[in-house]
There are 2 protein chains.
Amino acid sequence: MNSAAQFYPAFAARFAAFASALPAGRYVVVGHARPDGDCIGSQVALARALRAPGREVVCVNTDPVPRRLKFCIGDTPFLRATDLPAGEWAALFVDCADRARAGDRLATRFPTPFASFDHHLSNPIFGTHSFVDSDSAATCEILAGLFLDAGLPVDATTANALYVGIATDTGQFRFHSTTRRTFLLAANLVAHGAQPAAASAELYERETAGKLQLLQRFLASFHLECAGRVCVGILPAGIYEATGTQPEDTEGMVDYARGIDGVDIGVLIEERSDGIKASLRGKDPTFRLDRVAAQFGGGGHACAAGLNVKGSTLADFRARLVAALAAQISSVDTADTIS
Amino acid sequence: MNSAAQFYPAFAARFAAFASALPAGRYVVVGHARPDGDCIGSQVALARALRAPGREVVCVNTDPVPRRLKFCIGDTPFLRATDLPAGEWAALFVDCADRARAGDRLATRFPTPFASFDHHLSNPIFGTHSFVDSDSAATCEILAGLFLDAGLPVDATTANALYVGIATDTGQFRFHSTTRRTFLLAANLVAHGAQPAAASAELYERETAGKLQLLQRFLASFHLECAGRVCVGILPAGIYEATGTQPEDTEGMVDYARGIDGVDIGVLIEERSDGIKASLRGKDPTFRLDRVAAQFGGGGHACAAGLNVKGSTLADFRARLVAALAAQISSVDTADTIS
């Protein structure tokens, strides 16, 4: 334990207790379903920090490591949940707001985790040793701070993985969660071998030409509604075939609709063979888009919600959604005027 | 002068000499034509640092401060080149690879600048006091380091402007120029009042609908050359009028051309009333795009260069540029094979 913990002084004693309570044995570092950069980065870093004679450590997820994140795992072993050998494993959950986020099989198999590391506001605090801080921009920020505070060795793969988690979960240092500590840790990780430009090239410069044509068609469909406060973009049936893309290629596209000056809410409507899917993104949580989505059987967060409907034409659904958004904007405006 | 200069020890003595050679009088901080975030941020920061009793300081540019950068100038005075009062002014050039980058009127008016601060590789070193470091990610990185090393007071507007310059010129900490020092300075600037999230909202969530249609047209024009290693996008004459946009709205667009998997060099070619402008962006500095640009009278960095040509048709110029890029790629490939 480092007596001068710089980044997470409140966790220093607890982390020392955790580190001294790690016997020989088998450890599994559990991430959440549909893992993102912060999840994979946290798993890589924690698994590597746990490596020691007499310990076996593997990472496990319900879903595979996404193609664009494979570059950062190095020789860290990752298994699918279905492939984890039977027997005793001490489970450490990372970036999971609750055990259920890991997926049914893993949540059921590890009812009493040995530890958890997370930054989600809704985390109920689970695990014998828990390190949860919702003021942190990423679970990787917490792990980086704990490792550096404790003076643990941080190899280049660990540093790079932690950097990837921080960079992706802050939207490249753009979100409100980005603080002085975030940048100080990034500087430290670069000193330990993180490679911001190489990581960015893997994360953002390996788009397919098809994905850019999908974006182009989406942008071409933009239409402003509600006096310019809502921007709706459409991905009609057949567009994936026409551009050689897949539904996962829509990731992040709705942000273009939200990013227009004067627009409060961006909308992506996708016509699929089994119905219509819509994504809603707001600039301000007062619009409570989770409530709008709920009117169509969907849900989510105040600024990011989604829904699926069946048995409706695109034109009909679009009109109903715009009407619901207009009503929501009107009610928020009225509340603002009254307060 | 701070004897323990942390960020730019090589400049410490020179900066102290510069600071002690600033008499009362009138100072003009000159930025380049079509100013970007690093230019405006540098002008704001340097102008504010120069403020003292007996000194009058204004910033001047050939072109106006772009709409989306106005948020970061605070009460710093900016003038158009045509509006700068006559008489004696000591000129400090920032972010200008050479005097000509400021535009004809300013380059002619200030043949012997008092100082220059820049990070462009091709800078010939001009000005009585010059601070040029091409290893720096931004001119704002140099200024931030110099100010902090010297212990100058940095107010919140200065810190935020310097942050904007660093964040924009590194593509949000994604380019090769991003180093440990870049992050350490960002951390310091946040401590002095820079606001990463608020700046990001201004920079990236206030696009005009027209700019997204400009992007859409640019994406639709993409064509792969050199066996998929070069992606060329075109903005033809009349496109600004058709989309209700301006040349400044092209900022960042060439990155989409570079961002395709397998592409080494992204190109944006813009047909203007007074000639053709091209921007080149490489994934790897070995392609030395500054040298390719130099063949057409342009310049810049190894991974980011630009050029302007007159008296050539779009088709003719495009063919000559693609040929030059093909030759450059071929020579780099050959060198790789030999080494």
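See above for the structure.
Bear in mind the structure is a predicted one, so any value in this text is a computation, not a measurement. (Residues numbered from 1 in each chain as written. Chains lettered and ligands numbered in written order. Predicted model: local features only at pLDDT ≥ 70, side-chain atom pairs only at ≥ 80, totals over all residues. Heavy atoms only, no water.)

A. Region of the structure containing the packing of helix α5 (residues 156-169) of chain B against helix α6 (residues 180-191) of chain B. Residues and elements named next belong to chain B. Where α5 meets α6, the axes come as close as 9 Å, and the angle between the chain directions of the two elements is 150°. The orientation of α5 with respect to α6, classified from their angle, is roughly antiparallel. With respect to the hand of their crossing, α5 and α6 are arranged in left-handed fashion. Residue-level inspection shows A159, L162, Y163 and I166 of α5 in contact with α6, the latter providing T182, A186 and L189. Here the contact of α5 with α6 is built from residues that sort into six nonpolar, one polar and no charged. (Axes fitted to C-alpha atoms, helices over the stretch in contact; angles between N-to-C directions. Helix = DSSP H or I, 4+ residues; strand = E, 2+ residues; numbered from the N terminus. Parallel < 35°, antiparallel > 145°, perpendicular 65-115°, else oblique. Left-handed = near helix turned anticlockwise from the far one by under 90°. Contact = heavy atoms within 4.5 Å. Nonpolar A, V, L, I, M, F, W, Y, C, P; charged D, E, K, R; others polar.)

B. Molecular detail of the packing of aromatic side chains. Applying the stated criterion across every chain, the model contains 36 aromatic pairs over all chains. Note on A:F15 and A:F147: the rings are 6.4 Å apart at their centroids and 45° apart in plane angle, and the pair reads as tilted. In this pair, A:F15 is assigned in helix α1 (residues 12-20) and A:F147 in helix α4 (residues 139-149), connecting sequence segments 132 residues apart. Residues A:F15 and A:F147 agree in their burial class; the two are buried. An angle of 90° between the planes, with centres 5.6 Å apart, marks the rings of B:F93 and B:F126 as edge-to-face. With a gap of 33 residues between them, B:F93 in strand β4 (residues 90-94) and B:F126 in the loop between β5 (115-118) and β6 (129-132) connect regions that are remote in the sequence. Classification of B:F93 by relative accessible area gives buried; the value is 1%. For B:F126, a relative accessible area of 11% puts it in the buried group. Cation over ring: B:R26 sits above B:W89, and NZ or CZ is 4.2 Å from the ring centre. (Phe/Tyr/Trp six-rings, centres within 6.5 Å; stacked < 30°, edge-to-face > 60°. Buried < 20%, exposed > 50% of the residue type's maximum accessible area, 1.4 Å probe, protein only. Lys NZ or Arg CZ within 6 Å of the ring centre and 35° of its normal.)

C. Structural view of helix α4 (residues 139-149) of chain B. Residues and elements named next belong to chain B. In terms of burial, α4 is largely enclosed, as 11 of its 11 residues are buried. Listing the buried residues of α4 in full gives T139, C140, E141, I142, L143, A144, G145, L146, F147, L148 and D149. Positive backbone phi, at 70°, marks G151, one or two positions downstream of α4.

D. Main features of the pattern of salt bridges. Evaluation of the coordinates by the stated rule reveals 36 salt bridges over all chains. Here A:E141 ties to A:R181 by a salt bridge, and the two come within 2.7 Å at their closest N and O atoms. With A:E141 in helix α4 and A:R181 in helix α6 (residues 180-191), the pair connects residues that are 40 residues apart, well separated along the chain. Judged by relative accessible area, which is 0%, A:E141 ranks as buried. Between B:D333 and B:R229 there is a salt bridge, with the nearest N and O atoms lying 2.7 Å from each other. You can see B:D333 sitting in helix α12 (residues 314-338) and its partner B:R229 sitting in the loop between β7 (223-225) and β8 (230-235), a full 104 residues away along the chain. The exposure class assigned to B:R229 is partly exposed, which follows from its relative accessible area of 24%. In the salt-bridge network here, residues are joined through shared partners; they are A:R48, A:R51, A:D75 and A:D155. (Salt bridge = Lys/Arg side-chain N within 4 Å of Asp/Glu carboxyl O.)

E. Layout of the interface of chain A and chain B. Of the residues lining the interface, 39 residues belong to chain A; the matching set on chain B comes to 38 residues. Summed over both partners, the interface of chain A with chain B comes to about 3,300 Å²; 64% of that surface belongs to carbon and sulfur atoms. Of all residues in chain A, A:R174, A:F183 and A:E205 bury the most surface against chain B, accounting for 20% of the area lost on that side. For the pair chain A and chain B, the interface holds five salt bridges. As a salt-bridge pair, B:R67 and A:D261 come within 3.5 Å of each other at their nearest N and O atoms. Viewed at the interface, chain B and chain A are joined by 16 residue pairs in polar contact (both at pLDDT 80 or more). Looking at the side of chain A that touches chain B, the elements that each hand over two or more residues are α6, α7 (196-204), α8 (209-220) and α10 (254-258) of chain A. Here the side of chain A that touches chain B is built from residues that sort into 21 nonpolar, nine polar and nine charged. (Buried area = accessible area lost by both parts, 1.4 Å probe. Polar contact = N/O pair within 3.5 Å; in protein donor to acceptor, adjacent residues only side chain to side chain.)

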